[in-house]
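Coordinate inspection notes
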Amino acid sequence: MFAAASRGVCLAILLLFGNAALAMTGETAEFVKLANDVYAYIGKRNDANAMVVVTKQGVVLVDTGNSQPDTRDLAAKIKSVTDQPVRWVVISQYHGDHFGGSPYFMPATLVVHDRVAKEIAAMKPYQVKSWRKRFPEKAEQLQNLSPVDMLLSFPDRINLNLGGKQIELIYVDDVYNTGDVAVWLPESGVLHGSFAAYKDRHPDVRPDYSHGTTLTMLKQLEALIALKPRVVIPSHGPLSNVADLQAMVDYVLLARQKVRTMMADNLPLPEIIKRFHMNEFKDWDRATHFDWLAETIHRELSGLGPIIVTTRDISAAGELTGVAEAGRNLTLRTADGKDVRLRVTSDTDIEGAADRTQLKIGMKITALYKTPDDFNAALGFDVIEMNVKQ
Ligand SMILES: [Zn+2]
């Protein structure tokens, strides 16, 4: 009797808190008002978030949506609260899920860190081509436009003053990752926390340091916590606050301590990767990040720089047997029965489908992708060009 009752109670608790504990955003994006004229776009299923500041002289947008449908949805949600055009697009991280929707908002000014501006100026022709044709409905505006034409860049801090709103862009020095920018609204206490402000999600740091290092994360988190924000829009996941930023500090310190202890015991790297986990932070999203996290910390604590990855371009043809994360992660079965895990980035030049969200199991494709030498491409190979034959 007692056992049955307690099972019932447990079930009720699970039903009440089951979803909340997963720290996952909903199946559809939300547009949440955080202060007068300040909105958060909370991406679906922990996809990239955005921040919108409405002024009488135009809109300031921070980040641009995870994929084309998300970008269009974000633009529609902005339209639902103002007729003002988007005048400034601030990029909080130079990764496709934050920058990829930028062409939709042209001819707005792209505001980025100096190092990002350098990388944009060095974009390869296929990347510029992919950027221009990402939104067929904007083809005319984008015909002769490149992102480098639209740039305003800054070295460490810049204040944007638009329509009476004060918007502070803050860059915390990071040797490896290119220009993560936090966006602070001192009047309303709202912060877009950029890369380090994960909520309940295992951080995505990688041995090539392309997403910074754990040391950088600690520096960034310290700077963000010092602002004492009222509410934080993380790069991904549900809205958060100072306590969540502090939880991430605790997480990073514990992760570093674990690897340090195993190194002191002279365990080789493969064994450290095998044993490493962060199960103390259970129900956090993306436990798939453990391997790279352990290896990255190991490199950092060994005083090593990033793994320099050389890549070769390889082409393959076959049928899609797996499509996940709205077409971001694919499994391609080649004619000789080999499965290749591919990753569609925002730079991928796709022919024969409007965008990656249109990719379906059973489609025949050819793909040119990058394979890294001597490097664990844990999330799959980045696709340069893809041709979809349906
Ligand atoms: Zn992201």
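Reference entry: report on the structure contained in this document. (Residues numbered from 1 in each chain as written. Predicted model: local features only at pLDDT ≥ 70, side-chain atom pairs only at ≥ 80, totals over all residues.)

Topic: the overall build of the chain
To keep it simple, the criterion reads: Helix numbering and strand numbering both begin at the N terminus, where a helix is a DSSP run of H or I of at least 4 residues and a strand a DSSP run of E of at least 2. C-alpha atoms define the radius of gyration in this analysis, and the globule rule sets the expected value at 2.2 Å times the number of residues to the power 0.38. Buried means a residue has 20 or more other C-beta atoms within 10 Å of its own C-beta, exposed means 12 or fewer, and partly exposed covers the counts in between; C-beta atoms are placed from the backbone. Contact definition: two residues whose C-beta atoms, as placed from backbone geometry, lie within 7 Å.
Secondary structure summary: the chain contains 10 helices and 18 strands in total. Its C-alpha atoms give the chain a radius of gyration of 22 Å, near enough to 21 Å, the size a compact globule of 390 residues would have. C-alpha atoms of the chain, sized along the principal axes, occupy 60 × 55 × 55 Å. In the chain, buried positions account for 39% of the 390 residues. Summarising the internal contacts of the chain: among those between residues at least 6 apart in sequence, 66% fall at separations of at least 24.

Describing the sheet that holds strand E7 (residues 151-154)
Think of a sheet as strands paired side by side through backbone hydrogen bonds, with each pair either parallel or antiparallel. As a reminder of what qualifies: At least two bridges found by DSSP between two strands are what make those strands a pair. All axes are obtained by fitting lines to C-alpha atoms, using only the stretch in contact for helices, and the reported angles, taken between N-to-C directions, cover 0 to 180 degrees.
Taken in spatial order, the 7 strands of this open sheet run E1-E2-E3-E4-E5-E6-E7, and their pairing is mixed. Each edge of the sheet is formed by a strand with only one pairing partner; in this case those strands are strand E1 (30-35) and E7. Here the average twist between neighbouring strands, direction ignored, is 20°. The sheet contact formed by E1 and strand E2 (residues 38-42) spans 5 bridges and is antiparallel. Considered in E2, the bridge of Phe31 is made with Tyr41.

Some words on unusual backbone geometry
For the bond running from Met106 to Pro107, omega is 10°, close enough to zero to count as cis. Take Pro107: it is sitting in the loop between helix H3 (96-99) and strand E6 (109-113). Of note in the backbone geometry, Asn46 takes a positive phi value of approximately 65° without being a glycine. Residue placement: Asn46 occurs in the loop between E2 and strand E3 (50-55). Given 24 C-beta atoms within 10 Å, Asn46 falls into the buried group.

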